[in-house]
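Chain and residue survey
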Amino acid sequence: MEAELSFPLGFRWGVSTSAYQIEGAVAEGGRGPSTWDTFCAEPGRILDGDTGTVACDHFHRYAEDVALMRELGVDTYRFSFSWPRIQPSGTGPGNAAGLDFYDRLIDTLLGAGIQPTPTLYHWDTPQPLEDEGGWLSRSIADRFADYAALLAARFADRVPQWITINEPMVLTLMGYSLGAHAPGKELLFDALPVAHHQLLAHGRAVQALRAGGRPRLASRPTTRRPGRPATASRTRKRPGCTTT
């Protein structure tokens, strides 16, 4: 007999997305190309040749999407900023049209009583940065810190909680070691610097966000699945969760 599941006072119900999965509008509003645009354009990489060119069209339909969230009754929305929409080349000043889009999204969420919880990076590296070495290059940590500071300066007054990098293990393994995700490199153990540089970038981004007035940070997300015993007799031997 399973124990009754309960949630602590203040538990927040939320939904989550990432920019490339839902936004579409990859060539609108000054957005530059990302590693996922390049990866999806390579024949044979993606089933049926699908791309994020349109996706869920969230860039144009965000107000409808927020209304659906409100109907669901969620009080938190975790989304990701698109780095190439904010900085098309991965460096320099922010792209006004991209920043304006996230202004509208955040204000619409707040108007619906939903807390915005953005992720700075969900695997969509600006292609110009990848051309310079991407996450194999230590210099990307400094570029990421600049990007974080830019976002904090624009949105810290309305965003109470931030996430830096989504699942760094996945980018390292699937993107640079095995080549199953963008940027599609098959470096095996030579991909390990990617993990180090993401950790360094996380630290630099935390410093930038705190300097921008946002000390409240969520941990870097990892993939977790509930672990259940195969039989009742094994319940005491294998409690808790497994992490992959």
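Residues numbered from 1 in each chain as written. Predicted model: local features only at pLDDT ≥ 70, side-chain atom pairs only at ≥ 80, totals over all residues. Heavy atoms only, no water.

1. Quick look at the overall build of the chain
Our working definition: Starting at the N terminus, helices and strands are each numbered in turn, a helix being any DSSP run of H or I of at least four residues and a strand any DSSP run of E of at least two. Buried residues are those whose accessible area, probed at 1.4 Å on protein chains only, stays under 20% of the maximum for their type, while exposed residues exceed 50% and partly exposed ones sit between those limits. Any two residues having at least one pair of non-hydrogen atoms within 4.5 Å are treated as being in contact. Using a 1.4 Å probe, the Shrake-Rupley method yields the accessible areas, and only the shown protein chains count as cover for residues.
When helices and strands are tallied, the chain shows nine helices and six strands. Burial analysis of the chain (244 residues in total) assigns 45% to the buried set. By sequence separation, contacts in the chain at least 24 residues apart represent 75% of the contacts at least 6 residues apart. About 12,700 Å² of surface is accessible on the chain, with carbon and sulfur atoms providing 56% of the total.

2. A word on the sheet that holds strand E1 (residues 14-16)
For the record, the criterion: Strands are labelled as partners when DSSP assigns at least two bridges between them. Throughout, an axis means a line fitted to C-alpha atoms (over the contacting stretch in the case of helices), and angles, computed between N-to-C directions, take values from 0 to 180 degrees.
With parallel pairing, four strands are arranged side by side in an open sheet as E1-E2-E3-E4. Because the sheet does not close on itself, it has two edges, and the strands there are E1 and strand E4 (163-165). For this sheet, the mean angle separating the axes of adjacent strands, direction not counted, is 20°. As defined by bridge partners, strand E2 (residues 76-80) adjoins strand E3 (residues 115-121) across five bridges and the pair is classed as parallel. Its bridge partner being in E3, Thr76 is matched across the sheet by Gln115. Packed onto the sheet, helix H5 (residues 96-111) meets E2 and E3 and runs at close to 170° relative to E2.

3. A look at the nonpolar core
Formally: Only buried Ala, Val, Leu, Ile, Met, Phe, Trp, Tyr and Cys residues count toward a nonpolar core, and they belong to the same one when joined by side-chain atoms within 4.5 Å.
Of all hydrophobic cores here, the largest spans 54 residues; its most connected members are Phe81, Tyr102, Leu120, Trp135, Phe144 and Phe155. In terms of residue count, the dominant contributor to this core is helix H7 (residues 140-155) (nine residues). Discounting chain neighbours no more than four positions away, the residues touching Phe155 are Phe81, Leu99, Tyr102, Asp103, Ile106 and Trp162.

4. Brief notes about the pairing of E2
For E2, the buried fraction is high: five of the five residues fall into the buried class. In E2, alternate side chains face the same way, and those of Thr76, Arg78 and Ser80 on one face and Tyr77 and Phe79 on the other are all buried. Bridging between E1 and E2 involves three bridges; their strand directions are parallel. Looking at E2, one finds that Ser16 is bridged to Arg78.

5. Some words on a nonpolar patch on the surface
Counted only if it meets this: Patch membership requires more than 30% relative accessible area and the absence of a salt bridge. Residues of like charge join within 9 Å; the nonpolar side chains Val, Leu, Ile, Met, Phe, Trp and Tyr join within 5 Å. Here, a salt bridge means any Lys or Arg side-chain nitrogen found within 4 Å of an Asp or Glu carboxyl oxygen.
A surface patch of nonpolar side chains, about 630 Å² in accessible area, is lined by Met169, Leu173, Leu178, Leu188, Phe189 and Leu192. Considering the arrangement of structural elements, one finds Leu173 in helix H8 (residues 168-177).

6. Some remarks on H8
When you tally the buried positions in H8, you get seven out of ten residues, the bulk of the element. If you check which residues of H8 are buried, you get Pro168, Val170, Leu171, Thr172, Gly175, Tyr176 and Ser177. Next to the buried residues of H8 lie E3, helix H6 (127-131), E4 and helix H9 (192-211). Count one or two residues on from H8 and you reach Gly179, which has phi positive near 75°.

7. Quick look at the environment of Thr76
For clarity, the threshold we go by: In protein, a polar contact means a hydrogen-donor-capable atom and an acceptor-capable atom, both N or O and within 3.5 Å, with residues adjacent in sequence counting only if both atoms are side-chain atoms; elsewhere, any N or O pair within 3.5 Å suffices.
Inspection of the secondary structure puts Thr76 in strand E2. Owing to a relative accessible area of 12%, Thr76 belongs among the buried residues under this scheme. Sequence separation of Thr76 and Ser16 is 60 residues, and the distance between their C-alpha atoms is 8.7 Å. Excluding residues that lie within four positions of it along the chain, Thr76 makes contacts with Arg12, Trp13, Gly14, Val15, Ile114, Gln115 and Thr117. A polar atom in the side chain of Thr76 sits 2.7 Å from the side chain of Arg12.

8. Observations regarding the pairing of E3
E3 sits mainly inside the fold: seven of its seven residues count as buried. Pairing between E3 and E4: two bridges, direction parallel. Note on E4: the bridge partner recorded for Tyr121 is Ile165.

9. Here's the deal with the pattern of salt bridges
Enumeration according to the criterion identifies twelve salt bridges in this entry. In this structure, Glu23 and Arg85 form a salt bridge, with 2.8 Å as the shortest nitrogen-oxygen distance. With Glu23 in the loop between helix H1 (19-22) and helix H2 (35-41) and Arg85 in helix H4 (residues 83-86), this residue pair connects regions lying 62 residues apart in the sequence. One salt bridge connects Arg154 with Asp100, and the closest N-O pair in it is separated by 2.8 Å. With a gap of 54 residues between them, Arg154 in helix H7 and Asp100 in helix H5 connect regions that are remote in the sequence. For Arg154, a relative accessible area of 28% gives the class partly exposed. Taking the relative accessible area as the measure of exposure, Asp100 reaches 34% and is therefore partly exposed.

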